[in-house]
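This is what each chain is made of:
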Amino acid sequence: MEKKTELDKLLWDALLAGQGEFFNTSSGLPFSYVVKRKRNGEYSGELLVSRKETSKTLTRSSVLLAFHKVIDAAQICDINGKAELILPEYKGPKAIGQIFGISYIYSIFWKFGLIRVPAKVQEKLMDIK
């Protein structure tokens with residue numbers, strides 16, 4: 001349980017550091033996000049995703065749910081006497097699970113190096129305008 005909490009904190013720190021970066025969904029739509037703040041200035045645990053003039057809010061719990069599914073699907077293999085982490089490959093966002101905002105989470109996870117995607121999907125994720 002302690003390791004899980006440490007991983008959650010590392011992911012959250014990465015999300016904080018990634019604010020304002022530009023991403024593409026797997027269908028090629030650009031977006032960015034910021035982490036909302038409470039009145040006292042602390043982070044609220046919600047990501048505000050900006051897509052054109054509309055915004056969508058993703059909760060920390062949705063991101064962590066997807067993260068734990070990815071971590072559970074990762075494998076550690078012995079390759080020539082050396083342990084290697086094999087990250088899961090997902091053909092599309094819904095392959096991770098039916099999670100609110102998964103199309104955005106999928107893109108963020110790919111850019112953070114948490115998942116692998118097929119080459120055709122990668123082309124769309126990389127096409128930042």
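That block above? That's the structure.
Every value quoted in this text rests on a predicted model; they were computed, and no experiment measured them. (Residues numbered from 1 in each chain as written. Predicted model: local features only at pLDDT ≥ 70, side-chain atom pairs only at ≥ 80, totals over all residues. Heavy atoms only, no water.)

Within the secondary structure layout, D8 lies in helix α1 (residues 2-17). You can call D8 buried: its relative accessible area is 14%. Leave out the neighbours within four places in its chain, and D8 touches R60, L64, F67 and H68. (Helix = DSSP H or I, 4+ residues; strand = E, 2+ residues; numbered from the N terminus. Buried < 20%, exposed > 50% of the residue type's maximum accessible area, 1.4 Å probe, protein only. Contact = heavy atoms within 4.5 Å.)

As a further point, take the packing of helix α2 (residues 60-73) against helix α3 (residues 102-111). With their axes 10 Å apart at the nearest point, α2 and α3 run at an angle of 55° to one another. One way to sum up the angle between α2 and α3 is to call them oblique. Seen from above, α2 lies across α3 with right-handed handedness. When α2 is examined against α3, the residues S62, V63, A66, F67 and V70 are found in contact with a partner set consisting of I102, I105 and F109. (Axes fitted to C-alpha atoms, helices over the stretch in contact; angles between N-to-C directions. Parallel < 35°, antiparallel > 145°, perpendicular 65-115°, else oblique. Left-handed = near helix turned anticlockwise from the far one by under 90°.)

What follows is about the packing of α3 against helix α4 (residues 119-126). At a minimum axis separation of 11 Å, α3 and α4 run at an interaxial angle of 95°. Relative to α4, α3 is oriented roughly perpendicular. On α4, the residues touching Y106, S107 and W110 of α3 are V121, Q122, L125 and M126. Considered class by class, the residues forming the contact of α3 with α4 number five nonpolar, two polar and no charged. (Nonpolar A, V, L, I, M, F, W, Y, C, P; charged D, E, K, R; others polar.)

Attention now moves to the environment of Y106. Here Y106 is to be found in helix α3. The exposure class of Y106 is buried, given its relative accessible area of 0%. Considering only alpha carbons, one finds Y106 and F67, 39 residues apart in sequence, at a separation of 9.7 Å. In this view, Y106 contacts S26, Y90, K91, G92, P93, I96, I115, V117, P118, V121 and L125; residues no more than four positions away in its chain are not counted.

Of all hydrophobic cores here, the largest spans 30 residues; its most connected members are I96, F109 and I115. Put simply, the parts of the chain that give this core at least two residues each are α1, β2 (30-37), β3 (43-51), α2, α3 and α4. The element that contributes the greatest number of residues to this core is α3, accounting for seven residues. In this structure, F109 is in contact with L11, V63, A66, F67, V70, L114 and I115, ignoring residues within four places of it in sequence. (Core = buried A, V, L, I, M, F, W, Y, C linked by side-chain atoms within 4.5 Å.)

Quick look at unusual backbone geometry now. Backbone geometry at N80 places phi at a positive 55°, although glycine is not the residue there. Considering the arrangement of structural elements, one finds N80 in the loop between β5 (75-79) and β6 (82-86).

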